[in-house]
Amino acid sequence: MYDADNDCHPAPALRAALTVMPERAAAWPFPVQFVPATDAERVIGEACEIELAESAPGTKLAGTLVDFDPRKRSLSFTSGASVNVEHIEFCRMRTLRLNRPVTIQRQRLDPGNPPAPTQPYALTLTDGAVVSGETAGSFDDDAGLYLFVPAEGDTVKRHFYPNSALRTRQIGELLGEILLNWQRLSRHDLDYALKNQQQSQVLRLGELLTKNRVIKREELAIALKRQGTLPMMRLGEALLQMKFITQAQLDTALAQQKQDHKTPLGQILLGSGVINEQQLKQALAEKLGIPFVELDTFPIEYDALSRIDEDLARKHCTIPLYVEHGAVIVALVDPLNTRAIDALRFHSQMRVATAMAARDDILRAINRCYGQAVSPSAFLDSPPAGINPAPASALANNAHEKSRTEDLLTQLSLTSTQPLNIEEPQVTESDNNLVKLVNKIMIDASQQHATDIHIENYPNKQDTCVRFRRDGALYDYLHIPYRFRSAIVSRIKIMSGLDISEKRRPQDGKLEFAVPGEAKIELRIATIPTANGLEDIVMRLLSGATLRSLEQIGMSQRLTQELQRLIAKPHGMILACGPTGSGKTTTLHSLLSQINTRERKIWTAEDPVEITHPGLRQVQVNRKIGWTFAATLRAFLRGDPDIIMVGEMRDLETSRIAVEAALTGHLVFSTLHTNSAVESVVRLLDIGLDTFNFADALLGVIAQRLARKVCEACGTLEAASDDELADLAREYCTDANGEVTPLVTAWKARHGGKVMLRRPAGCEECGHTGYRGRIGVYQLFTVDRGSRRLMQQRASMEELLEAATAGGMTTLKQDGIEKIIDGHTDLKQVRAVCG
């Protein structure tokens, strides 16, 4: 073991342990006013005591420190005579104490204000324990708190508390005593605040004083006024005077700044390691008179927030505090950053006065304050973190979020309940609150899992209606006064790159932005001219599309096995048909995922690309430049494909190329907008495809719909009566030959003698509708020898349907009724999508 009294080197056992550790410059940090002895910063080989968070208080592990790395929040040590090295994360630790006293000397930073030899400290740990005593100094960083407890003479012992173990900390004189000495409050005010603090253990004393308006923004105004009376001094001069840097170091930094004018001097000195952040703040505060603001308790005003957008605040790491006498007062990490000050001055069109605050405090303030009203930064890649409701509670928070959206209207006195003067100026697309309102609509749609946003403008002075489509149904979201309608349309056109002057023709475009706590969102925009010179806007949200298996999308085991047989073939064509938004693309990607191997080359042409997974080579179609489905297919055939997926066969040319590809050794997937599987065959033959080629190429057609699921949170399971089962069986047999009684018997046998049906009820999770989410309803038409002969003879749809039904094909409604029997949906929803 290491013996601090007899030797300064590790014992042989420890030396053996150290040989397995990587070399690193581990050192113990010291406050700026300390001049430590030569070996005071040494860490490796020091005798130590460690208290673990899971151990009882007072239980210590004695050993020798092998490694100490605050950057990785971990340490390593050997216990007793063992040579085995144990690694401990800071989050598992309560405290670390180094046993050997080290010698320090103090440097006097301010001759007129000698430092006190010790300061009281009081720590509250996360387990509720309270640690207090005297410290000769302290050092605080992102890893934790370093205390220097006085020992004999000029020596101190080094203690470390990780931030994960600390709940509160108090170093030095108490806040109340400081305020009393400054004569900023009376003893009566202090006693009153302390009494309230005892009654509310949640609030700190500073917060209570702010709440009782004892500490006000006037304190900052006094400091800013005092700053103007101080003699002019540059940062370099201040650091030299405080002996934080030497003249040679300053000259080197100034020379570097001449080459890089964009980087402030303070950042250059910090980056080169000449000074640390604490020294920089001390020089700014003491010598340059720049006040330091505690943002956690400072009252920030909305008027100041409205002068500077969130994206600008994040870019320059600043938070506006308040507006006074034609100037906006802001807190900056670097209050001498002239580029940031110029940008803030230009953006706000006001004079800018600067204070200083910690970076973490500023970021927390931005999240807290701008989270109250969403700003244009919602369209940045790094969105604010303030708005992040859990997906499961998004609908429960709908009323609260909607009220916040309506607050944006109230701020401009634009609520629909107020009489409007026809001579009032219309709201413009650049108005700050309108920008926030449009952003808020899109973010709420994403968080409520809407698939579409409908903005409907009505003539005269009728309100504009905003509706969301969720799970296939439309719901009213917000009514906006008519004065907004032109500005909202123009704002969305600008965001999606459309022509704001064109109002007579429909336009389509897209835009992307990031929603807090979620992935980047893409919206497809369609503007549609309506009567009276107005325009409607429909925005489709393309986010949230994820790869799912056939079982996850609701396909039965029988259909899954049949499809797996089809996709195992080396060539041919498989189609998915149904209306827009019925999940065709999701189904095709589920099929592709099962045959996506490294031995196959898969090309997809999509508009838009909604689902991605590794191994696919995906192409975005762009009709404006002639990059159509047909042109993409021709390119694919020159790209040595094994499998091709075409987003849609919407014309004869695309269909012919797809059929030719299927006949020449490629497996082709595509979609079609038709009502049923058999109707897809007739439709493609009617548009002019060669009968024999198409019949030889086609393997199968999947028809599908999406039915709303009964909410699993509130839906109740009830035993179905015999009459209910008989009614379902009769409806099941409507489009196919079959008997009711054997079908009911089979259902009962499958479910253990009793069929349980799920009934909708309504709760906060489903928005009190009784339904949440959707499930697929499917029909699979498989081409066999008989149906291929009928296709070559151009048989009617009735003949094809009869042959397919005789071969075992089930209808969409029959598959939907099976979903009812399995407790996923109800007859109302099946009838709504299947007729």
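Residues numbered from 1 in each chain as written. Predicted model: local features only at pLDDT ≥ 70, side-chain atom pairs only at ≥ 80, totals over all residues. Heavy atoms only, no water.

1. Structural notes on the overall build of the protein chain
Within the protein chain one finds 28 helices and 30 strands. Counting every position in the protein chain, which comprises 835 residues, the buried fraction comes to 46%. Across the protein chain, contacts joining residues at least 24 apart in sequence account for 63% of those joining residues at least 6 apart. Total accessible area computed for the protein chain in this model is approximately 40,800 Å², and 49% of it derives from carbon and sulfur atoms. (Helix = DSSP H or I, 4+ residues; strand = E, 2+ residues; numbered from the N terminus. Buried < 20%, exposed > 50% of the residue type's maximum accessible area, 1.4 Å probe, protein only. Contact = heavy atoms within 4.5 Å. Areas by Shrake-Rupley, 256 points an atom, 1.4 Å probe, with all protein chains shown as cover.)

2. Structural notes on the packing of aromatic side chains
This structure, assessed with the given rule, holds 12 aromatic pairs. Note on tryptophan 28 and phenylalanine 68: the rings are 5.3 Å apart at their centroids and 25° apart in plane angle, and the pair reads as stacked. One end of the pair, tryptophan 28, is in the loop between α1 (12-18) and β1 (34-36); the other, phenylalanine 68, is in strand β3 (residues 61-69), and 40 residues separate them in sequence. The buried category is assigned to phenylalanine 68, whose relative accessible area is 1%. (Phe/Tyr/Trp six-rings, centres within 6.5 Å; stacked < 30°, edge-to-face > 60°.)

3. Some remarks on helix α13 (residues 359-370)
In this model α13 runs 16 Å from its N-terminal to its C-terminal C-alpha over 12 residues, within 8% of the 16 Å that 1.5 Å per residue would give. Within α13, the full set of buried residues consists of Asp361, Ile362, Ala365, Ile366, Cys369 and Tyr370. Angularly, the buried residues of α13 cover 135° about the axis, an arc narrow enough to put them on a single face. Residues of α13 that are buried sit in contact with α10 (302-307), α11 (310-315), β13 (318-324) and β14 (327-332). (Expected span 1.5 Å × (residues − 1). Arc of directions from axis to C-beta.)

4. Remarks on the pairing of strand β18 (residues 473-480)
In this sheet, β18 lies alongside strand β17 (residues 464-470) in antiparallel orientation, the contact comprising 7 bridges. In the strand pairing of β18, threonine 464 is matched with isoleucine 480. (Pairing = 2+ DSSP bridges.)

5. What to know about the pattern of salt bridges
Scanning the entire structure with this criterion turns up 35 salt bridges. For aspartate 39, the salt bridge goes to arginine 100, with nearest N and O atoms at 2.9 Å. Here the residue aspartate 39 occupies a position in the loop between β1 and β2 (47-52), and arginine 100 occupies one in strand β6 (residues 93-106), the gap between them amounting to 61 residues. Taking the relative accessible area as the measure of exposure, aspartate 39 reaches 29% and is therefore partly exposed. Arginine 100 gets classed as buried once you look at its relative accessible area, which sits at 9%. Between glutamate 712 and lysine 709 there is a salt bridge; the shortest N-O distance is 3.7 Å. (Salt bridge = Lys/Arg side-chain N within 4 Å of Asp/Glu carboxyl O.)

6. As for the side chain of lysine 440
As for its position among the elements, lysine 440 is in helix α15 (residues 432-447). On the accessibility criterion, lysine 440 (3% relative accessible area) is buried. Within the local environment of lysine 440, its side chain forms a polar contact with the side chain of aspartate 444, the two groups lying 2.8 Å apart. (Polar contact = N/O pair within 3.5 Å; in protein donor to acceptor, adjacent residues only side chain to side chain.)

7. Here we look at the sheet that holds strand β8 (residues 130-135)
Taken together, the 3 strands give an open sheet; going across it, the order is β8-β7-β12, and neighbouring strands pair in antiparallel fashion. This sheet does not close on itself; its edge strands, each paired only once, are β8 and β12 (166-171). This sheet shows a mean twist of 15° between the axes of neighbouring strands, independent of strand direction. Strand direction decides the pairing type here: strand β7 (residues 119-125) and β12, joined by 5 bridges, are antiparallel. Bridge pairing links leucine 123 to arginine 169 in β12. (Axes fitted to C-alpha atoms, helices over the stretch in contact; angles between N-to-C directions.)

8. Re the sheet that holds β13
Pairing is mixed in the open sheet, where 3 strands are placed in the order β13-β14-β15. In the strand order of this sheet, the two ends are held by β13 and β15 (351-356), each with one partner. Going from strand to strand, the sheet's axes swing by 30° on average, the running direction of each strand aside. The pairing of β13 with β14 spans 6 bridges and is antiparallel. Residue pairing in the sheet places tyrosine 322 in a bridge with isoleucine 329 of β14.

9. As for the pairing of β15
Pairing geometry for β14 and β15, over 6 bridges, is parallel. Counted as the bridge partner of valine 330 is threonine 354 from β15. Remark: the β14/helix α12 (residues 338-348)/β15 crossover connection has right-handed handedness. (Right-handed = clockwise from strand over helix to strand, strands pointing away.)

10. Regarding the packing of helix α17 (residues 557-567) against helix α18 (residues 584-595)
Where α17 meets α18, the axes come as close as 11 Å, and the angle between the chain directions of the two elements is 60°. Comparing their axes, α18 and α17 come out oblique. Along this stretch, α17 crosses α18, giving a crossing that reads as right-handed. Residue-level contacts link Leu563, Gln564 and Ile567 of α17 to Leu591, Gln594 and Ile595 of α18. Its residues placed into classes, the contact of α17 with α18 shows 4 nonpolar, 2 polar and no charged. (Parallel < 35°, antiparallel > 145°, perpendicular 65-115°, else oblique. Left-handed = near helix turned anticlockwise from the far one by under 90°. Nonpolar A, V, L, I, M, F, W, Y, C, P; charged D, E, K, R; others polar.)

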